[in-house]
Amino acid sequence: MIAEACFIALALAVGLPLTLRLSAPPREPVPRVGEGVLLGIAICTATLAILPWSRWIVIATILLIAAIAWKRVFTPRPRYDALLILALLLGYALYAMLAPPPEYDYLTNWGFKAKAFFEIRGIDWQFLGRSIDRNVHPDYPLLLPLTYDFIAILRNGWNDAHLGIVHVAFAAALLLVIHETAWDDTRSRIVALFIAIALIPFAATPWIGLAEGPFIAYATAALLLIRRGDLTLGAILLGLAASTKNEGLTLIAAAAIGLFCTGRKRDVVRLWPAVLIPLPWLIARSLHQLPTDIAAGGVVARVVEHALHPAPLFAALSSVSLGKPLYWIALAIGIAIASRTLVTRERFILVALFVQFACYLGAYLATPFDVAWHVTWSWERLVAHLTPALTYVVLVQLVARMSTAQTHPTRS
Amino acid sequence: MLAAREVALPYQKLPGSRELMLQVRALTKPGDVIAIAAPFPKWDQGYAYLYTRALYPLTGREVLPLLDDHDRPRADNLARANVIAAYRCEPRVPGFAIVWHGRDGMLMRRIR
């Protein structure tokens, strides 16, 4: 556990000061811990793409970056309510660290790559190029495998017993971002706490070892920051979402369309860091000719074929349970109640999520695999990408509506 | 108890397969090319389960299937392998000798 704890400490040490430099005011450290962890984890992993995989070299580099960034004097303000959110993650932490990640996709993809890279102390392009099993997905971005490798480097050995803590860190970071954003939106400590606690099941994903949790953290935090006008940091987190899962690439386009549809056309250009951050990986995977299954030859023919015969897709979508029926009923009621304010005030998030959702359906149309198989093994996780941000805006607008009703009882 | 069950979870349909692969890892070195032999004639009826779960414990080695996903034998992979990890079967392959035998399988190494 020492290596894992050191990793989170290093991530926070380097991520927090950089977050404060990159974020929009107010630049206070305590409310920015969530963004700091998210950014810090990415900086730690980025060092592995550049530096030799040596414990002392990467630690020295991280501390140097942190020292350079720690120039300003901060006045921390205590936020004890955020500690309650972290305390409520204790059960999730026990679950996540019960054993090495047992998920199939961890053993054949995320964890497999990380372990294979650690064997040679570097990104093994030969391994990625020759991968026989299709589940290895050599084209997937490497932020999560390199995160596991960073911990292994700190330990100077591979041990997956407590890797689940990475997922706890991502969940905690996202919930802190949600809490701070909710405080910013509602100016109520109790409401902010309620919203953050309500979103714990969405941030604390059950897929330990997979990239869903990290992706949800980066993507949701990015959308919420862009929504409130924190463009630079939001765009960086959006780029990191694209460095975690390929779905993040379409999310960049979705966010740009969302901004465009809300009349924030100038802000579209300010998303440039989101494009810049995943670019080196995209170039590298192109140079190494790593195959992408969705884009494999005959995409147009597959899309046309599936679009002309959509019955198997609909059958597959309707057969996969998304669970939580009470949640979906409550969400539908919430959307119905707050529909007017959602459309006027939350157009950015709604459009971005809708475009992303359309891209997911598009991926199913383009799939080279059996549609039923593809949907069965991904649909629940893909929907989980979208629900935290959607639930957040519905809750915030319901609160806003309640506040309006209390202030102006005759209007309601 | 719960942790031990979680560790065994991904391998539970083929008892002993995790222990076999850990033993194979201990007896091989990085760079070895390991072919996976199993008593399953079809990819989707046990072979894929074993093969895909052998990848993680055997990182650093090149792990090759002896069957493709259309259930065709992969003689080319056998020709490339210098080690055979056999789960609950005892293949007789010319040019290979048994170097270790356990409860759930054995390891064969190319001798010529």
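Residues numbered from 1 in each chain as written. Chains lettered and ligands numbered in written order. Predicted model: local features only at pLDDT ≥ 70, side-chain atom pairs only at ≥ 80, totals over all residues.

**Some remarks on the overall build of chain A**
Next up, step 1: In terms of regular secondary structure, chain A is built from 23 helices and zero strands.
Next up, step 2: Over its C-alpha trace chain A gives a radius of gyration of 21 Å, about what one expects of a compact globule, namely 22 Å for 412 residues.
Next up, step 3: Projecting the C-alpha coordinates of chain A onto the three principal axes gives extents of approximately 70 × 60 × 45 Å.
Next up, step 4: Taken over 412 residues, chain A has a buried fraction of 45%.
Next up, step 5: Restricting to contacts in chain A with at least 6 residues of sequence separation, those with at least 24 account for 79%. (Helix = DSSP H or I, 4+ residues; strand = E, 2+ residues; numbered from the N terminus. Rg over C-alpha atoms; globule rule 2.2 N^0.38 Å. Buried ≥ 20, exposed ≤ 12 C-beta atoms within 10 Å, placed from the backbone. Contact = placed C-beta atoms within 7 Å.)

**Observations concerning the environment of D69(B)**
Next up, step 1: Looking at where D69(B) falls in the secondary structure, it is placed in the loop between strand 2 (62–65) and helix 4 (75–80).
Next up, step 2: For the pair formed by D69(B) and P41(B), sequence separation is 28 residues and the distance between their alpha carbons is 11 Å.

**Section: the interface of chain A and chain B**
Bring the parts together and some accessible area is lost; that lost area is often taken as the interface size.
Next up, step 1: Each side of the interface is counted separately: chain A has 15 residues, and chain B has 15 residues.
Next up, step 2: Of the residues in the side of chain A that touches chain B, the class split is nine nonpolar, three polar and three charged. (Nonpolar A, V, L, I, M, F, W, Y, C, P; charged D, E, K, R; others polar.)

**Topic: unusual backbone geometry**
Next up, step 1: Even without glycine at this site, Q289(A) takes up a positive phi of about 50°.
Next up, step 2: Mapped onto the fold, Q289(A) is located in the loop between helix 17 (279–287) and helix 18 (299–308).
Next up, step 3: Its identity is not glycine, yet D71(B) carries a phi of approximately 70°, on the positive side.
Next up, step 4: Considering the arrangement of structural elements, one finds D71(B) in the loop between strand 2 and helix 4.
Next up, step 5: Judged by C-beta crowding, with 13 C-beta atoms within 10 Å, D71(B) ranks as partly exposed.

**Here we look at the sheet that holds strand 4 (residues 96–101) of chain B**
Residues and elements named next belong to chain B.
Next up, step 1: The five strands are arranged 2-1-3-5-4 in an open sheet whose pairing can be described as mixed. A strand with exactly one partner marks an edge of an open sheet, and here the two such strands are strand 2 and strand 4. Pairs of neighbouring strands in the sheet enclose a mean axial angle of 30°, with direction left out of account.
Next up, step 2: The sheet contact formed by strand 3 (residues 83–87) and strand 5 (residues 105–110) spans five bridges and is antiparallel. Its bridge partner lying in strand 5, Y87 is registered against G105.
Next up, step 3: Against the sheet, helix 2 (residues 17–27) makes contact with strand 1 (33–37), strand 3, strand 4 and strand 5, and its axis sits at roughly 160° relative to strand 3, the strand it touches most. (Pairing = 2+ DSSP bridges. Axes fitted to C-alpha atoms, helices over the stretch in contact; angles between N-to-C directions.)

**Considerations on helix 6 (residues 104–120) of chain A**
Residue and element names in this part refer to chain A.
Next up, step 1: With 17 residues, helix 6 should cover 24 Å at 1.5 Å per step; its first-to-last C-alpha distance of 23 Å lies within 8% of that length.
Next up, step 2: By the criterion of burial, helix 6 is predominantly enclosed, with 14 of the 17 residues buried.
Next up, step 3: Count one or two residues on from helix 6 and you reach R121, which has phi positive near 55°. (Expected span 1.5 Å × (residues − 1).)

**Describing the nonpolar core**
Next up, step 1: Counting residues in each nonpolar core, the largest one holds 145 residues, and the members touching the most others are L38(A), L174(A), L237(A), L238(A), A255(A), I36(B) and A85(B).
Next up, step 2: At 14 residues, helix 9 (residues 165–186) of chain A tops the list of elements feeding residues into this core.
Next up, step 3: Inspection of this core shows a minimum of three residues originating in each of domain 1 (2–279) and domain 2 (293–407) of chain A.
Next up, step 4: With residues up to four places along the chain from it excluded, the contact list for L174(A) reads G34(A), A203(A), I216(A), A217(A), T220(A) and A221(A). (Core = buried A, V, L, I, M, F, W, Y, C linked by C-beta atoms within 7 Å. Domains from an automatic or database assignment.)

**Brief notes about the pairing of strand 5 of chain B**
Residues and elements named next belong to chain B.
Next up, step 1: Taken together, the five bridges between strand 4 and strand 5 define a ladder with antiparallel strand orientation. Paired with H101 across the two strands is M106, which belongs to strand 5.
Next up, step 2: Joining the antiparallel neighbours strand 4 and strand 5 is a turn of three residues.

**What about the confidence of the model for chain B?**
Next up, step 1: Averaged over all residues, the pLDDT of chain B equals 93, while 100% of them reach at least 70.
Next up, step 2: If you check the scores for this complex, the pTM reads 0.94 and the ipTM reads 0.92. (pLDDT = per-residue confidence, 0-100.)

**Examining the domain arrangement of chain A**
Next up, step 1: What the domain assignment reports for chain A is domain 1 (2–279) and domain 2 (293–407).
Next up, step 2: In terms of residue count, helix 14 (residues 247–261) of chain A provides more of the side of domain 1 of chain A that touches domain 2 of chain A than any other element does, ten residues in total.

**Here we look at the packing of helix 1 (residues 2–22) of chain A against helix 8 (residues 143–155) of chain A**
Residues and elements named next belong to chain A.
Next up, step 1: In the contact formed by helix 1 and helix 8, the axes pass within 9 Å of each other and the chain directions differ by 120°. Considering the angle they form, helix 1 stands oblique to helix 8. In terms of crossing hand, the pair formed by helix 1 and helix 8 is right-handed. Counting all contacts with helix 1, which are made through A3, E4, C6 and F7, the residues of helix 8 involved are F150, I151, L154 and R155. (Parallel < 35°, antiparallel > 145°, perpendicular 65-115°, else oblique. Left-handed = near helix turned anticlockwise from the far one by under 90°.)

**Considering the packing of helix 12 (residues 212–227) of chain A against helix 13 (residues 231–242) of chain A**
Residue and element names in this part refer to chain A.
Next up, step 1: Two elements in contact, helix 12 and helix 13, have axes whose closest approach is 8 Å; the angle formed by their N-to-C orientations is 155°. The angle between helix 12 and helix 13 falls in the class roughly antiparallel. Relative to helix 13, the crossing made by helix 12 is left-handed. Counting all contacts with helix 12, which are made through F215, Y218, A219, A221, A222, L225 and I226, the residues of helix 13 involved are L231, L233, G234, L237, L238, L240 and A241.

**Quick look at the environment of P31(A)**
All names here are of chain A.
Next up, step 1: Here P31 lies in the loop between helix 1 and helix 2 (33–50).
Next up, step 2: Looking at P31, the number of C-beta atoms within 10 Å reads 21, which means it is buried.
Next up, step 3: With 144 residues separating them in the primary sequence, P31 and L175 have C-alpha atoms 11 Å apart.
Next up, step 4: Dropping the residues within four chain positions of it, P31 is found in contact with R79 and E180.

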